[in-house]
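Residue-level listing of the chains:
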Amino acid sequence: MDWQRLLTLAAAELIAPQTAAFALAAIGLNVHFGFTGLLNMGHAGFMLLGAYGFAISTIAGAPLWLALIIAMACAVVFALLLGIPTLKLRGDYLAIVTISAAEIVRMVGRSTLFTDLTGASSGIRGNTYKSTFQALSPLPDGSTTIGPFTYGNNLSNGWWVRIAAWAIVLLAVLFIYLLMRSPWGRVLKGIREDEDAVRALGKSVYAYKMQALVLGGVLGALGGVVYVLPTSVQPDAMGRAMTFFVWTVLLLGGAATIFGPVLGSMIFFVTLSIVRTTMREVLPPDVFSPAQIEPLSGMLIGIALMLLVIFRPQGILGDKKELTFHVR
Amino acid sequence: MSAETSGATAPSATPRSGPSAGTVAATAALAGVESRPGASKPDAILVADDVVRRFGGLTAVKVDHLEVQRNVITALIGPNGAGKTTLFNLVTGFDRPSSGTWTFDGASMSGKPAARTAQAGMVRTFQLTKALARMTVIDNMRLGARDQPGENMIAALVKPLWVKREREITVKADELLVRFKLDHLRDEFAGSLSGGQRKLLEMARALMSDPVMIMLDEPMAGVNPALTQSLLGHIRDLRDQGMTVLFVEHDMHMVRHISDWVVVMAEGRIVAEGPPETVMEDAAVIDAYLGAHHDTDLGDDALLADEVIHNLEHEAEAEEENR
Ligand SMILES: Nc1ncnc2c1ncn2[C@@H]1O[C@H](COP(=O)(O)OP(=O)(O)O)[C@@H](O)[C@H]1O
Ligand SMILES: [Mg+2]
């Protein structure tokens, strides 16, 4: 077995744009679930909307900043639509509505209703919306090697997208840090613990929950944009499985922590890479075809998540003490 | 805590030290008020009319008229299931009545959401305590404060905009924690507190917002008996500082010694009202209690005997476990 190849592939996941995209999405989900206690079971819907918003508006001629604003605005509208009818009700209503709403976004996207815009089930090719982002790159053309990693500077899956993606993650982490140490963040945590208690103290719980839903959704949309920048918009790649992976990332790193989502995303993709490569090398190809490796590694990840929730429910960075007393 | 077991040492908290100035003033204010259900008060802060709440076929609350006098301690008593908690929920906006109207401090509050009634100064605690478990005690307290600009999402990002107010809030929170003997738990998670400590925390947290009227739903249930006496003193102090106190309690000893006025509910209605001495002898009251406290003499000091307190604590703990 080629250990060096295995480790290089795994380490590459640490800085991969996909890892950054999931970290961003999980930071958003953390605002929802970790800090406010909102059960959003359709986070991929926010991500897909962000991706569509960015891609379609760029294709229509919008400059980069406008395309980003449109991507975020899509998430704001989506959050308001989901929140207005459900945030006054018990938490489970939001869960049900978000699951179905995310599916509706995907279904509409892949349907032939708006083929001109969304490309239906074949999606939107990356080259059609990457130009504004690529044009912003300050890097010279060519490729650069740092340690074991060699990428083209300005290729669609190269250094520039990595730098930009992780810069956005860093900004998001800083932003969440500033918010969650503030009295605003304290109100959110209060709502997570017991919203009636917070109401009794004169805070408008509904408004805070709405703000949290919008903020987390916008971060999800940004995650979606980062996710499609090096690839293409594929509605079927951004469905329930994606929501499930974002949850895994969040719980792995530790909900309600600042760095948990970032760490969780790194661990998730590194592990996935190691499992995949190992199985490809170890399992005889005449027994398991490469096409079977994929679901098999998914299964192993699922088992790992179960073990995690059983043996370390607070995640890697979470505080064990918080779980020693039951809530409610 | 064990050093405190001798309990009632603070003079203001000793029931037999003679009436305080606040008690005298409150008694004087209520002197001309008739002892009958729905009696009108000279300076009512809370006025409720025809408030009805039905749960299916059950009428949990049917209050024709109720006035609560400003700046006095009013006790709301009645057997379990009388509708006391439901009435609290209604007037504070946590529940919607089937019909009825009420005003607080002259302004109509019917149909207002809970946050609005709290902002108007009507702040309540819950019979089933709501400590914010995965937050520290001090953060629980800080959350109770008003006018923190940092609770706005945009201002939250700029610490200089809220750090000064945060300091004021923290000073006040620490003072209250000392008063309620919770200061040694300041940085613990509220979820690690005992049932009684959570009650105290909830009450202290409610006081952070400087309420005009504080509504306490069974504030003493499960609280360490060593603390109850000094708590009585604190509640009196609140009144003496100008606050209106409305509390639900079934510890008759406490009711008799601390309240200026007693309102009795049974089966959703107000069946009697009056000063504590008068009301305890009222036939309707004794009737109302016959179901629940069959063989206890109302207002008997024996109610505060260790055994009884023990039982109450057990009840409270059992309640907690049931959640
Ligand atoms: N949410 C509810 N649904 C149905 N019945 C209720 C509800 N809340 C209270 N009740 C009923 O209303 C009556 C009054 O309850 P409550 O106000 O809790 O009494 P108290 O606080 O005086 O003990 C009881 O019979 C209780 O069972
Ligand atoms: Mg009750």
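Refer to the structure printed above.
Residues numbered from 1 in each chain as written. Chains lettered and ligands numbered in written order. Predicted model: local features only at pLDDT ≥ 70, side-chain atom pairs only at ≥ 80, totals over all residues. Heavy atoms only, no water.

Caption draft 1: Highlighting the overall build of chain B. Scanning chain B from terminus to terminus reveals 12 helices and 10 strands. Split into buried and exposed, the 323 residues of chain B put 53% on the buried side. A fraction of 68% describes how many contacts in chain B between residues 6 or more apart in sequence connect residues 24 or more apart. Roughly 13500 Å² of accessible area belongs to chain B as shown, and the carbon and sulfur atoms make up 52% of that amount. (Helix = DSSP H or I, 4+ residues; strand = E, 2+ residues; numbered from the N terminus. Buried < 20%, exposed > 50% of the residue type's maximum accessible area, 1.4 Å probe, protein only. Contact = heavy atoms within 4.5 Å. Areas by Shrake-Rupley, 256 points an atom, 1.4 Å probe, with all protein chains shown as cover.)

Caption draft 2: Layout of the overall build of chain A. The number of helices and strands found in chain A is 14 helices and 2 strands. By its C-alpha atoms, chain A is 60 × 50 × 35 Å across when sized along the principal axes. Here chain A, with 328 residues, has 53% of them falling under the buried criterion. Looking at chain A alone, contacts between residues at least 24 apart form 72% of all its contacts between residues at least 6 apart. Accessible surface, chain A: about 14200 Å² in total, of which carbon and sulfur atoms supply 70%. Considering chain A, the positive charge centre built from 22 side chains and the negative charge centre built from 16 side chains are found 7 Å apart. (Lys, Arg positive; Asp, Glu negative; His and termini not counted. Charge placed at Lys NZ, Arg CZ, Asp CG, Glu CD.)

Caption draft 3: Spotlight on the interface of chain A and chain B. Contacts between the two partners involve 32 residues from chain A, matched on the other side by 34 residues from chain B. Together, the buried faces of chain A and chain B total about 3100 Å²; carbon and sulfur atoms form 67% of this surface. Between Lys130(B) and Asp194(A) there is a salt bridge, with the nearest N and O atoms lying 3.5 Å from each other. For the pair chain A and chain B, the interface holds 10 residue pairs in polar contact (both at pLDDT 80 or more). (Buried area = accessible area lost by both parts, 1.4 Å probe. Salt bridge = Lys/Arg side-chain N within 4 Å of Asp/Glu carboxyl O. Polar contact = N/O pair within 3.5 Å; in protein donor to acceptor, adjacent residues only side chain to side chain.)

Caption draft 4: Region of the structure containing the nonpolar core. Of all hydrophobic cores here, the largest spans 89 residues; its most connected members are Val169(A), Trp184(A) and Val233(A). For this core, the leading source of residues is helix H11 (residues 205-228) of chain A, giving 15 residues. Apart from residues lying up to four places away in sequence, Trp184(A) is in contact with Leu179(A), Tyr208(A), Gln211(A), Leu215(A), Gly150(B), Glu151(B), Asn152(B), Met153(B) and Ala156(B). Among the nonpolar cores identified, the runner-up in size contains 47 residues, and Ile77(B), Ile138(B), Leu176(B) and Ile258(B) belong to it. (Core = buried A, V, L, I, M, F, W, Y, C linked by side-chain atoms within 4.5 Å.)

Caption draft 5: The arrangement of the coordination of the magnesium ion (ligand 2) in detail. Residue and element names in this part refer to chain B. Every protein donor of the magnesium ion (ligand 2) is accounted for by Thr 85 (OG1) and Gln 127 (OE1), and the metal-donor separations fall at 2.0 to 2.1 Å. Linking Thr 85 in helix H2 (residues 84-91) with Gln 127 in the loop between strand E6 (122-124) and helix H4 (137-143), this pair joins segments that are 42 residues apart in sequence. On the basis of relative accessible area, Thr 85 is assigned to the partly exposed category, the value being 25%. (Donors = N, O, S within 2.8 Å, 3.2 Å for Na, K, Ca; no water.)

Caption draft 6: Examining the sheet that holds strand E7 (residues 213-217) of chain B more closely. Residue and element names in this part refer to chain B. A sheet is described by the order of its strands in space; here 6 strands give the open sequence E6-E7-E8-E3-E9-E10, paired in mixed fashion. Since the sheet does not close on itself, it has two edges, and those belong to E6 and strand E10 (269-274), each with one partner. Neighbouring strand axes in the sheet, compared pairwise and without regard to direction, differ in orientation by 20° on average. In the packing of helix H7 (residues 195-207) onto the sheet, contacts are made with E6 and E7, and the angle to E7 comes to roughly 165°. The strands touched by helix H8 (residues 225-240) are strand E3 (73-77), E7 and strand E8 (244-248); relative to E3, the strand with the most contacts, the crossing angle is about 130°. (Pairing = 2+ DSSP bridges. Axes fitted to C-alpha atoms, helices over the stretch in contact; angles between N-to-C directions.)

Caption draft 7: Quick look at the side chain of Thr244(B). All names here are of chain B. When you line up the elements, Thr 244 lands in strand E8. Reaching out from Thr 244, the side chain makes a polar contact with the backbone nitrogen of Asn 71 at a distance of 2.9 Å. Beyond its immediate sequence surroundings of up to four residues, Thr 244 is in contact with Ile 45, Val 68, Gln 69, Arg 70, Asn 71, Val 72, Val 212, Met 213 and Ile 214.

Caption draft 8: Here's a closer look at the sheet that holds strand E1 (residues 44-55) of chain B. All names here are of chain B. Sheet architecture is open: 4 strands sit in the order E2-E1-E4-E5, paired in antiparallel fashion. Strands at the two margins of the open sheet, each flanked by one partner only, are strand E2 (58-69) and strand E5 (107-108). Sheet topology note: the E1/strand E4 (residues 99-104) ladder contains 5 bridges and is antiparallel. Bridging across to E4, Val 52 finds its partner in Ser 99.

Caption draft 9: Structural view of the pairing of E10(B). For strand E9 (residues 261-266) of chain B and E10(B), the ladder comprises 5 bridges, and the chain directions are antiparallel. Following the sheet pairing, Ala266(B) is matched in E10(B) by Arg269(B).

Caption draft 10: Local environment of the site of ligand 1. Residues and elements named next belong to chain B. Within the structure, ligand 1 sits among Phe 55, Leu 58, Ala 60, Pro 79, Asn 80, Gly 81, Ala 82, Gly 83, Lys 84, Thr 85 and Thr 86. Separating an oxygen atom of ligand 1 from a backbone N or O atom of Gly 81 is a distance of 2.7 Å. Ala 82 places a polar main-chain atom, nitrogen or oxygen, 3.2 Å from an oxygen atom of ligand 1. Its free accessible area being 560 Å², ligand 1 has 60% of it covered by the protein chains. With 3 residues, the single largest contributor to the shell around ligand 1 is H2. Grouping the constituent residues of the shell around ligand 1 by class yields 5 nonpolar, 5 polar and 1 charged. (Near = heavy atom within 4 Å. Nonpolar A, V, L, I, M, F, W, Y, C, P; charged D, E, K, R; others polar.)

Caption draft 11: Examining the environment of Leu232(B) more closely. Residue and element names in this part refer to chain B. Tracing the chain through its elements places Leu 232 in helix H8. A C-alpha to C-alpha distance of 9.8 Å links Leu 232 and Val 255, two positions 23 residues apart in sequence. In contact with Leu 232, other than residues within four places in its own chain, are Met 220, Met 254 and Ile 258.

Caption draft 12: Layout of the packing of helix H2 (residues 17-35) of chain A against helix H12 (residues 240-253) of chain A. Residue and element names in this part refer to chain A. It is the contact of H2 with H12, at a shortest axis distance of 9 Å, that shows an interaxial angle of 75°. The angle between H2 and H12 falls in the class roughly perpendicular. Across the interface between the two elements, Phe 22, Ala 25, Ala 26, Leu 29, Asn 30 and Phe 33 of H2 pack against Met 242, Phe 245, Val 246, Trp 247, Val 249, Leu 250 and Leu 251 of H12. Split by residue class, the contact of H2 with H12 holds 12 nonpolar, 1 polar and no charged. (Parallel < 35°, antiparallel > 145°, perpendicular 65-115°, else oblique.)

Caption draft 13: How the structure looks around the packing of aromatic side chains. All names here are of chain A. If you walk through the whole model with that rule in mind, you get 12 aromatic pairs over all chains. When the ring of Phe 22 is compared with that of Phe 269, the centres are 5.0 Å apart and the planes differ by 70°; the resulting orientation is edge-to-face. In this pair, Phe 22 is assigned in helix H2 and Phe 269 in helix H13 (residues 260-282), connecting sequence segments 247 residues apart. A residue is classified by how much of its surface remains accessible, and Phe 22, at 4% relative accessible area, is buried. You can call Phe 269 buried: its relative accessible area is 5%. Centre to centre, the rings of Phe 149 and Tyr 151 are 6.5 Å apart; their planes meet at 15°, and the pair counts as stacked. Here Phe 149 and Tyr 151 have matching classes, each one buried. (Phe/Tyr/Trp six-rings, centres within 6.5 Å; stacked < 30°, edge-to-face > 60°.)

By themselves these figures say nothing about function.
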